[in-house]
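The lines below spell out each chain.
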Amino acid sequence: MNEIQLEKVEFEPGKSFKLFSPRLRNTFLWHYHPEFELVYVEADAGIRHVGTHISTYTHSDLVFIGGNLPHLNFDYRLRSEYHQIVIQLRTDFLGTAVGLVPEFSVINNLFKSAEYGIAFDGETKQLVAQKLKQLGSLNSLDQLLQLINIFQMLASSNERTILNDDLTSKNFILKDKIRMGAIYEYIDAQYHNKPDVNVVAGKINLTTPAFCRYFKRQTNMTFTEFVNQYRIERAKNLLMQNHNVSETCYAIGFESISYFNKLFKEIVGQNPSGFRRSWESKV
């Protein structure tokens, strides 16, 4: 049975952070690590799965993730070319200074909020992206100073979305890594083939009623609600890659376009064709 993977982050000697550009789009890497992580990715459209939060991003995404918050790799299933920058911080990054130095107070608050996962947008995302792209050309000390400047910008920004409401689900997921890893991997593999609650319950050795109670406690959603939300996020992803409504409907496993339209509007707030027009107007 698969489980949420603990990623073992290795740092170069004398470095308090790791800067790299992973390419894992063909790997379902549902994982966690004690280190904080800042991720920037440029792609036409992708999936953001942090904790129990699932949504899509378009063109680019900037997310700051606290320690041990489970998340999926942001380049999973990207079909077009993309660019990704990842910063992972040592657990003692900046030592006790973050909590003691007055000038770092807003950064300290940012790090506390990162426990829930934070997505940034607007001008903040654009300016931080520029600074992240410059890091590779700087020496170690200037990289560190640039990073502190980046965290100050993020900490002072209101262009942010907190991705998880509380840490209860995070703690549940980590306590039960094997079960939740198996569930998410099954949903990802079968969302377009009518995932069967009885099958997934059997995979983690629970009766169907016990599984339904367990899943609701973990995610605050029923299994059907979660699968439908996952399908709709995949649908948004396809629509943003220029698939038409009927292609998208059948690709994510719905047989009725009218039902797909109805469910899409309930979850997204507009019908699929309206969503696609809105997205095309921004391109």
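Residues numbered from 1 in each chain as written. Predicted model: local features only at pLDDT ≥ 70, side-chain atom pairs only at ≥ 80, totals over all residues. Heavy atoms only, no water.

Asks: What exactly am I supposed to notice about the packing of aromatic side chains here?
Replies: Each aromatic ring pair is described using two quantities: the centre-to-centre distance and the angle formed by the ring planes. Inspection of the entire model under this criterion finds 18 aromatic pairs. Geometrically, the ring pair formed by F215 and F226 is edge-to-face, given 5.4 Å between the ring centres and 85 degrees between the ring planes. Pair noted here: F215 is in helix 8 (residues 208–219) and F226 is in helix 9 (residues 223–239), with a separation of 11 residues, a long-range link. The residues F215 and F226 share a single accessibility class, namely buried. (Phe/Tyr/Trp six-rings, centres within 6.5 Å; stacked < 30°, edge-to-face > 60°. Helix = DSSP H or I, 4+ residues; strand = E, 2+ residues; numbered from the N terminus. Buried < 20%, exposed > 50% of the residue type's maximum accessible area, 1.4 Å probe, protein only.)

Asks: How do you make sense of helix 12 (residues 272–282) when you look at a structure like this?
Replies: In an α-helix, one turn spans 3.6 residues, which is why side chains three or four residues apart end up on the same side. The complete set of buried residues in helix 12 reads P272, G274, F275 and W279. Around the axis of helix 12, the buried residues are gathered within 165 degrees of arc, so they sit on the same side. Residues R277 and S281 are exposed on helix 12 and point more than 90 degrees away from its buried face. Against the buried residues of helix 12 lie strand 4 (36–50), strand 5 (53–65), helix 9, helix 10 (245–251) and helix 11 (257–268). (Arc of directions from axis to C-beta. Contact = heavy atoms within 4.5 Å.)

Asks: Where do I start with the nonpolar core in this structure?
Replies: Note that soluble globular proteins tend to have their nonpolar side chains buried in a common cluster. Ranked by internal contacts, the top residues of the largest apolar core, which has 42 residues, are I183, I187, F211, F223, F226 and F260. By residue number, the principal contributor to this core is helix 9, which donates eight residues. Non-local contacts of I187, meaning those with residues more than four positions away in its chain, are made with F215, F223, F226, V227 and Y230. The next biggest cluster of nonpolar side chains, apart from the first, holds 27 residues, and it includes A129, L147, I148 and A155. (Core = buried A, V, L, I, M, F, W, Y, C linked by side-chain atoms within 4.5 Å.)

Asks: So what exactly am I meant to see when it comes to helix 3 (residues 122–134) here?
Replies: Taking 1.5 Å of rise per residue, 13 residues should cover 18 Å, and helix 3 covers 19 Å from first to last C-alpha, within 8% of that figure. Within the span of helix 3, buried status applies to T124, K125, V128, A129 and L132. Around the axis of helix 3, the buried residues are gathered within 125 degrees of arc, so they sit on the same side. Every exposed residue of helix 3 that faces more than 90 degrees away from the buried side is listed here: E123 and Q126. (Expected span 1.5 Å × (residues − 1).)

Asks: Would you explain the side chain of N73 in this entry?
Replies: Mapped onto the secondary structure, N73 falls in the loop between strand 6 (71–72) and strand 7 (83–89). Judged by relative accessible area, which is 6%, N73 ranks as buried. Only 3.1 Å separates the side chain of N73 from the side chain of D75, close enough to count as a polar contact. Not counting chain neighbours up to four residues away, the residues in contact with N73 comprise L24, T27, F28, L29 and H31. (Polar contact = N/O pair within 3.5 Å; in protein donor to acceptor, adjacent residues only side chain to side chain.)

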